[in-house]
Amino acid sequence: MTRQVSLTRRIPASAPEIFALLTDPDKHPILDGSGTVRGARGGNPERLVLGSRFAMDMKLGAKYRITNKVVEFEQDRLIAWRHFYGHRWRWELAPADDGTTDVTETFDWAPARIPFVFDRSPIPRKNEAAIRKSLERLAEHFGER
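Residues numbered from 1 in each chain as written. Predicted model: local features only at pLDDT ≥ 70, side-chain atom pairs only at ≥ 80, totals over all residues. Heavy atoms only, no water.

## Concerning a nonpolar patch on the surface
Here's step 1: Taken together, the side chains of I114, F116 and V117 define a hydrophobic patch exposed on the protein surface, amounting to about 250 Å² of accessible area.
Here's step 2: By the element assignment, F116 lies in helix 3 (residues 115-119).
Here's step 3: On the basis of relative accessible area, F116 is assigned to the partly exposed category, the value being 44%. (Patch = residues over 30% accessible without salt bridge, like charges linked within 9 Å, V, L, I, M, F, W, Y side chains within 5 Å. Areas by Shrake-Rupley, 256 points an atom, 1.4 Å probe, with all protein chains shown as cover. Salt bridge = Lys/Arg side-chain N within 4 Å of Asp/Glu carboxyl O. Helix = DSSP H or I, 4+ residues; strand = E, 2+ residues; numbered from the N terminus. Buried < 20%, exposed > 50% of the residue type's maximum accessible area, 1.4 Å probe, protein only.)

## Considering the nonpolar core
Here's step 1: Residues I18, I79, W91, V103 and L138 are the most contacted members of the largest nonpolar core, which totals 30 residues.
Here's step 2: Looking at this core, the elements with two or more residues in it are strand 1 (4-11), helix 1 (15-22), strand 3 (53-60), strand 4 (62-74), strand 5 (78-82), strand 6 (88-95), strand 7 (101-108) and helix 4 (123-141).
Here's step 3: The element best represented in this core is helix 1, accounting for five residues. (Core = buried A, V, L, I, M, F, W, Y, C linked by side-chain atoms within 4.5 Å.)

## Some points on the packing of aromatic side chains
Describing an aromatic ring pair means giving the distance of the ring centres and the angle of the ring planes.
Here's step 1: Counting across every chain of the model gives five aromatic pairs.
Here's step 2: Ring geometry for W89 and F107: centres 5.4 Å apart, planes at 50°, overall tilted. With W89 in strand 6 and F107 in strand 7, this residue pair connects regions lying 18 residues apart in the sequence.
Here's step 3: With a relative accessible area of 1%, F107 lands in the buried category. (Phe/Tyr/Trp six-rings, centres within 6.5 Å; stacked < 30°, edge-to-face > 60°.)

## Digging into the pattern of salt bridges
Here's step 1: For the coordinates displayed, the defined rule picks out eight salt bridges.
Here's step 2: Taking the shortest distance from any N to any O, the salt bridge between R10 and D102 comes out at 2.8 Å. Residue R10 is located in strand 1, and its partner D102 is located in strand 7; the two are separated by 92 residues in the primary sequence.
Here's step 3: Of the residues examined, D102 reaches a relative accessible area of 24% and is grouped as partly exposed.
Here's step 4: The salt bridge partner of R88 is E72, with a shortest N-O separation of 2.9 Å. Linking R88 in strand 6 with E72 in strand 4, this pair joins segments that are 16 residues apart in sequence.
Here's step 5: Since its relative accessible area comes to 18%, E72 is described here as buried.
Here's step 6: By sharing partners, the salt bridges in this structure join E72, R88, R90 and D108 into a single network.

## Things to note about the confidence of the model for the protein chain
Here's step 1: Of all residues in the protein chain, 99% attain a pLDDT of 70 or more, and the chain-wide mean is 90.
Here's step 2: Here helix 3 is the element of the protein chain with the lowest mean pLDDT, 78, and helix 1 is the one with the highest, 97. (pLDDT = per-residue confidence, 0-100.)

## Overview of the layout of surface pockets
Here's step 1: Taken as a whole, the largest pocket holds about 820 Å³ of empty space.
Here's step 2: Along the wall of the largest pocket there are 29 residues; nearest its centre are S34, T36, M58, W89 and N127.
Here's step 3: When contributions to the lining of the largest pocket are tallied by element, the ones reaching two or more residues are helix 2 (28-31), strand 3, strand 4, strand 6, strand 7 and helix 4.
Here's step 4: The element best represented in the lining of the largest pocket is helix 4, accounting for six residues. (1 Å grid on protein atoms, 1.4 Å probe; cavity = no way out; pocket = protein on both sides within 12 Å on 5 of 7 lines; lining within 4 Å. Points joined across faces, edges and corners; volume = space filled by probe spheres on them.)

## Focus: the pairing of strand 7
Here's step 1: Among the eight residues in strand 7, seven count as buried, and that is most of the element.
Here's step 2: Two elements, strand 1 and strand 7, share eight bridges in a ladder whose sense is antiparallel. Counterpart to I11 in the pairing with strand 7 is T101.
Here's step 3: Pairing between strand 6 and strand 7: eight bridges, direction antiparallel. Paired with W91 across the strands is E105, a residue of strand 7.
Here's step 4: Once strand 6 ends, the chain turns through five residues before running back antiparallel as strand 7, passing G99 with a positive phi of about 90°. (Pairing = 2+ DSSP bridges.)

Put into structure tokens, the structure is as follows:
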């Protein structure tokens, strides 16, 4: 059983430009297509690297705080983070010859503590819609209309 949803979109920016945005927790509300990320909490690192922990203020009905850990990292190519439930959000960047970048965002619940809960819920379908919106927001941020 595949336990991930993933979408790719060509973004009108270089991989280093996009990666700089992804590794800055203060900028994550710009990316968020789910509408749940409200802002970064104080005390986060300025730039994320492998092993970084960062906390975000969230709202899904009620307000809450979530702490994530960067679990995959390759400069200008890949970053992924997870929180205590174990599922992860991954961003992969593939530069094109024309200065644009194919960006793939993935919600992966295979490593979650209880993946069968996700299997039987609407969460993957909702996250697919949020990924589509996140990639749209990323393209708009870099000037695509």
